[in-house]
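Examining the three-dimensional arrangement
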Amino acid sequence: MSALSFSLKPNHTQQIDCRLLTPNNLADLSVAEIENLNLLNIKNSPKIGDYFEVSGSDASHIVFKNADAQLNYIGHKMTRGQITVEGDCGDFLGHQMRGGTIFCQGNAKDRVGDQMRRGLILVDSNAGDYCGSRMIAGTIGVYGSVGRYVGFAMKRGTILLTKTPQLHATIQDCGTHTLPFLALLFKSFNAFSTLFNDIKSHRIQRYAGDLACNGNGEILVLIQ
Amino acid sequence: MQINGITIDDTFAEAFNMRGTRVIITALNLKWAYHAANAMTGFATSVIGCGVEAGIEREIDSDETPDGRPGVSILMFAMGSKVLMQQLETRMGQCILTCPTAAAFAGIAAGLEVDQISLGRHLRYFGDGYQTSKLMTDPNGITKRYWRIPVMDGEFLTQETTGMVRAIGGGNFLILATSQPAALRAAETAIEAMKKVPNVIMPFPGGVVRSGSKVGSKYPKMFASTNDAFCPTLKGLVNTKLSDEIESVMEIVIDGLTFEDISRSMYVGIQSICALGDKSGVKRISAGNYGGKLGPHHFKLHEIMGNSK
């Protein structure tokens, strides 16, 4: 079975809410049924087929092709499966995510993993402001840079970065360490063709926070 | 039956149902993995006095371990699941958590007929609120939960659970030789060969036991006592099973995950002794049983040595 693909049609001008396009919602539906589904749970909603060309059949792996920064809420409340974003994506990638994996090959805008509880989000390029905001648990990896207020109000969870971000006052520096669990974490990344697979070091600078919310979360900045 | 001049008695080893588990212990290097594993499997020769029987199964290369560090796998057996769970948690806390750089992982994957028991599930509370859990997916796509517990050398990493399976304990054979050094040399030869067999351990010191027991005693409070029929110094006093020339008997006890594993291990051990020939001083191979009434598993020496030839 090939992955269920949503190829974004050109020349759209609006922000597109993708919260219904998850492995949970689209399991066991045919391409025709998906194209005729409402994009949003509102009256007079556009159809999914208005914006995307749909192909493939395996809803446990969803691929967004030709994706751009106007696709918001990708992976909202997903609990299982995998979403691959070929290109950029908009705000709230993995919002309230409960499991599964999201792999974004381009840039993600603000609030990646906002309120996520479980699962893995990998962004191979840059992420915007408030990355990992209100995070409850789970793992976010951003290979490029992140904007301001990373880990804002995070309770638990891990945000893995390669560049030291600008941190706010309630994130505390816990020093440099070599952590054995990173070997397992990087092994789990091997299922994706991500830039993280090039990293060989398990040495990190550990920041804990957000102290405004217990401070059991962590921002790990890889030292290469 | 005779192999290379050594007599194989027409008897059988009697073994019991047990519950078993495997834990993979890794560390910064093999030396410290062994320190942890030796502590974990220490004082675990017999369920009679130790609660569990445990031993090191084999070394594991770093490319085979979950965290890419060198490690060893240990097997642990008990008469029931409750004791096994209790002993595993106690030993994890006192032997693995305390050992510098050591980490512990499940050695038996989840599946049918496999119960999940705590490896680090309760140990995590040592972290006093600073412990963190991580769900990570292995190369086979199976997601497992791990615990990271802050400790003074850095971080203690342990998987939350490991698998517990039905197993067999008490496979054995006896080496009857003309002298103590000859019996010991033969036992060492057998242990070296048997260490290469997977899924089994020989839990006694060096894999060998010299104080085989019989059920009961003249003393009412003792439920096991010396196996007088195989004690060479009592030949003239009891209904001995030893001929005049036998001066020393040593026993190898085997616990394993399946009947076939123990059979294979017994064959490899006995065959390696027989390869030494009767000039080594070994004259007979026998086995310990209780008349077949106590243990449901019977390892018949002639079948094992005959079938596997």
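Every chain is numbered independently, its residues counted from 1 as its sequence is written. A letter from A marks each chain and a number from 1 marks each ligand, given out in the order of writing. Only residues with pLDDT of 70 or above have their local features reported here, since the model is predicted, and side-chain atom pairs are shown and tallied only from 80 upward, although totals for entire chains, interfaces and linings are computed over all residues.

What to know about helix α1 (residues 30-40) of chain B
- Around each residue's C-beta, the other C-beta atoms within 10 Å are counted; 20 or more make the residue buried, 12 or fewer make it exposed, and counts in between make it partly exposed. All C-beta atoms are placed from the backbone. Comment: elements are numbered from the N terminus, with helices defined as DSSP H or I runs of at least four residues and strands as E runs of at least two. When α1(B) is considered as a whole, its buried residues turn out to be B:Ala33, B:Ala36, B:Ala37 and B:Met40. End-on view of α1(B): buried residues confined to an arc of 95°, all on one side of the axis. Summarising the geometry, the arc corresponds to the directions from the helix axis toward the C-beta atoms.

Looking at the confidence of the model for chain B
- Looking at chain B as a whole, the pLDDT averages 95, with 99% of positions reaching at least 70.
- This prediction of the complex comes with two scores: 0.93 for pTM and 0.93 for ipTM. The pLDDT value tells you how sure the predictor is about a given residue, anywhere from 0 up to 100.

Remarks on unusual backbone geometry
Residues and elements named next belong to chain A.
- Looking along the chain, the bond that leaves Gly 209 and enters Asp 210 is cis, with omega of -5°.
- In this model, Tyr 73 sits at a positive phi of 55°, which is unusual for a non-glycine residue.
- Mapped onto the elements of the fold, Tyr 73 is located in the loop between β5 (71-72) and β6 (82-87).
- Of the residues examined, Tyr 73 has 24 C-beta atoms within 10 Å and is grouped as buried.

Description of the sheet that holds strand β12 (residues 203-209) of chain A
Residue and element names in this part refer to chain A.
- One bridge is not enough; two strands pair if DSSP finds at least two bridges between them. Strand order in this open sheet of 11 strands is β3-β1-β4-β6-β7-β8-β9-β10-β13-β12-β11, and the pairing throughout is mixed. If you trace the sheet from one side to the other, it starts and ends with β3 (52-55) and β11 (172-178), each paired once. Strand-to-strand, the axes of this sheet are offset by a mean angle of 15°, without reference to chain direction.
- Pairing of strand β8 (residues 118-123) with strand β9 (residues 139-142), which is carried by four bridges, proceeds in the parallel orientation. What sits directly across from Leu 122, in β9, is Gly 141. Axes, fitted as lines to C-alpha atoms, cover a helix only where it is in contact. Angles between the N-to-C directions of the axes lie from 0 to 180 degrees.

Some points on helix α3 (residues 81-96) of chain B
Residues and elements named next belong to chain B.
- Looking at α3, one finds that the buried residues are Leu 84, Gln 87, Leu 88, Arg 91, Met 92, Cys 95 and Ile 96. Down the axis of α3, the sector holding all buried residues measures 135°, keeping them to one side. Along α3, exposed side chains directed more than 90 degrees from the buried face belong to Lys 82, Thr 90 and Gln 94.

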